[in-house]
Protein chains: 2
Amino acid sequence: MKTEIEVFREFLAQKGMRLTPEREAVLVEVFAEHDHFDIDELFMRLRQKGQRISRASIYRTLPLLVESGLVNEVYFEEGHLHYEHIYGHEHHCHLRCLGCRQIVEFRDDGVEEAEKRIGQAKGFETTGHKLEIYGYCPQCQGKKK
Amino acid sequence: MKTEIEVFREFLAQKGMRLTPEREAVLVEVFAEHDHFDIDELFMRLRQKGQRISRASIYRTLPLLVESGLVNEVYFEEGHLHYEHIYGHEHHCHLRCLGCRQIVEFRDDGVEEAEKRIGQAKGFETTGHKLEIYGYCPQCQGKKK
DNA sequence: ATGCAACTGAGACTCTATCTCATATTATCC
DNA sequence: GGATAATATGAGATAGAGTCTCAGTTGCAT
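Note that this is a predicted model, so its numbers are computed, not measured.

1. Side note on helix H3 (residues 39-48) of chain A
All names here are of chain A.
No. 1: Of the residues making up H3, those classed as buried are Ile39, Leu42, Phe43, Arg45 and Leu46. In an axial view of H3, the angular spread of the buried residues amounts to 165 degrees, which keeps them on one side of the axis.
No. 2: In the core, the buried residues of H3 are packed alongside helix H2 (21-32), strand S1 (37-38), helix H4 (55-67) and strand S3 (80-85).
No. 3: The backbone nitrogen of Asp40 lies 3.2 Å from a side-chain oxygen of the residue at the head of H3, namely Asp38.
No. 4: Of the residues trailing H3, Gly50 is marked for its positive phi of about 85 degrees.

2. Some words on the protein's contact with DNA strand D
No. 1: Close contacts around DNA strand D come from 18 residues, with A:Thr20, A:Arg23, A:Ser54, A:Ser57 and A:Arg60 the closest.
No. 2: Among all atoms of DNA strand D positioned within 4 Å of the protein, those belonging to sugar or phosphate total 70%.
No. 3: Of all the secondary structure elements, the ones that give two or more residues to the surface near DNA strand D are H2 and H4 of chain A together with helix H4 (55-67) and strand S2 (80-85) of chain B.
No. 4: Broken down by element, the surface near DNA strand D gets its largest block of residues, three residues, from H4(B).

3. What to know about the domain arrangement of chain A
Residue and element names in this part refer to chain A.
No. 1: Along its sequence, chain A is carved into domain 1 (4-85) and domain 2 (93-135).
No. 2: The C-alpha-based centres of domain 1 and domain 2 are spaced at 24 Å.
No. 3: With seven residues of domain 1 at the interface, the matching set in domain 2 holds seven residues.
No. 4: Between domain 1 and domain 2 we count two salt bridges in total.
No. 5: Of the charged contacts, one joins Glu77 and Arg101 as a salt bridge, the two residues approaching to 3.3 Å between their closest N and O atoms.
No. 6: Counting every contact that joins domain 1 to domain 2 gives four residue pairs in polar contact (both at pLDDT 80 or more).

4. Notes on the protein's contact with DNA strand C
No. 1: Contacts to DNA strand C come from 19 residues, most closely from B:Arg18, B:Thr20, B:Arg23, B:Ser57 and B:Arg60.
No. 2: When atoms of DNA strand C within 4 Å of the protein are sorted by moiety, sugar and phosphate together comprise 72%.
No. 3: Side-chain polar atom of B:Glu22 to a sugar or linking oxygen of DNA strand C: 3.5 Å apart, as the coordinates give it.
No. 4: B:Arg23 is positioned with one of its side-chain polar atoms (N or O) 2.4 Å from a phosphate oxygen of DNA strand C.
No. 5: Elements with a minimum of two residues in the surface near DNA strand C: H4 and S3 of chain A together with helix H2 (21-32) and H4 of chain B.
No. 6: Of the residues forming the surface near DNA strand C, the biggest block, three residues, is contributed by H4(A).
No. 7: Taken together, the residues of the surface near DNA strand C break down into six nonpolar, six polar and seven charged.

Cut-off values and rules
- Residues numbered from 1 in each chain as written.
- Chains lettered and ligands numbered in written order.
- Predicted model: local features only at pLDDT ≥ 70, side-chain atom pairs only at ≥ 80, totals over all residues.
- Heavy atoms only, no water.
- Buried < 20%, exposed > 50% of the residue type's maximum accessible area, 1.4 Å probe, protein only.
- Helix = DSSP H or I, 4+ residues; strand = E, 2+ residues; numbered from the N terminus.
- Arc of directions from axis to C-beta.
- Contact = heavy atoms within 4.5 Å.
- Polar contact = N/O pair within 3.5 Å; in protein donor to acceptor, adjacent residues only side chain to side chain.
- Near = heavy atom within 4 Å.
- Domains from an automatic or database assignment.
- Salt bridge = Lys/Arg side-chain N within 4 Å of Asp/Glu carboxyl O.
- Nonpolar A, V, L, I, M, F, W, Y, C, P; charged D, E, K, R; others polar.

Given below as structure tokens:
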């Protein structure tokens, strides 16, 4: 399997763009931790590691990572988008606890089939899906407001 | 079935809040058209119908409608949230064309079952879900960039 | 009618995200 | 290697969504 950097470099080249040190630093940091993140977090993490990079560059780089398929927008909350890296990981969806806000990842073949089935029914050629299930985790059951 | 207004009034009463003329106007307008909308659109529609209402009141009212279960956040795009009214409609999900941006609603029992199945597997008591499927509609197939 | 809590509107403010532009970097061609 | 052109960056300005403040208003309960 190609490394993330190779994938990104090829994606950029195909658009006549370069893999600059800034873009590479963002990419590396995005894959450094397996967790959801937002842009400000990413900026802080890069700063703490001594990277000199502007917010503007991060804001410019993330849509490229999404477009290249390396990263996913996960959800919009607290007024901004949250992301996750997906390259090298099996596709998964999210179960969100309405009590403690924790997020559990899961994979389910039925959902993959549903994508195909519904696409066919409507004449769509599908490319992917995003499923979020809401509820209460074992610890939060009974505590519902 | 209760009317939307009754549902909203009860929801508000239970929180010690009132159903004011402004809140009612927002509610009525939200249910006046079956389509996705954003807050600015709603503001314009209310204005055109001669309603004097401030943006602040609309921003304050919509989260209440969502909390009461009458309205749903559908997606975040173009820098802001989009909503739909759901009370009195069967639960449905969305198929989105990546070419022309059109949105097709669908309902699928398999997805409902998946919610239950996955909730059980993870010990969650589920309350709902949101599924978006991405792809290309019949007209846009072949036009992919 | 009076008092009180809830509510509204206008505008100030905050915060996310984008844009501008001068400067810097990189690739390419000679 | 040096010149040139295309691409990229950073800093700060700007735009726009959404929230907050506060003075004045409304509506309910007694």
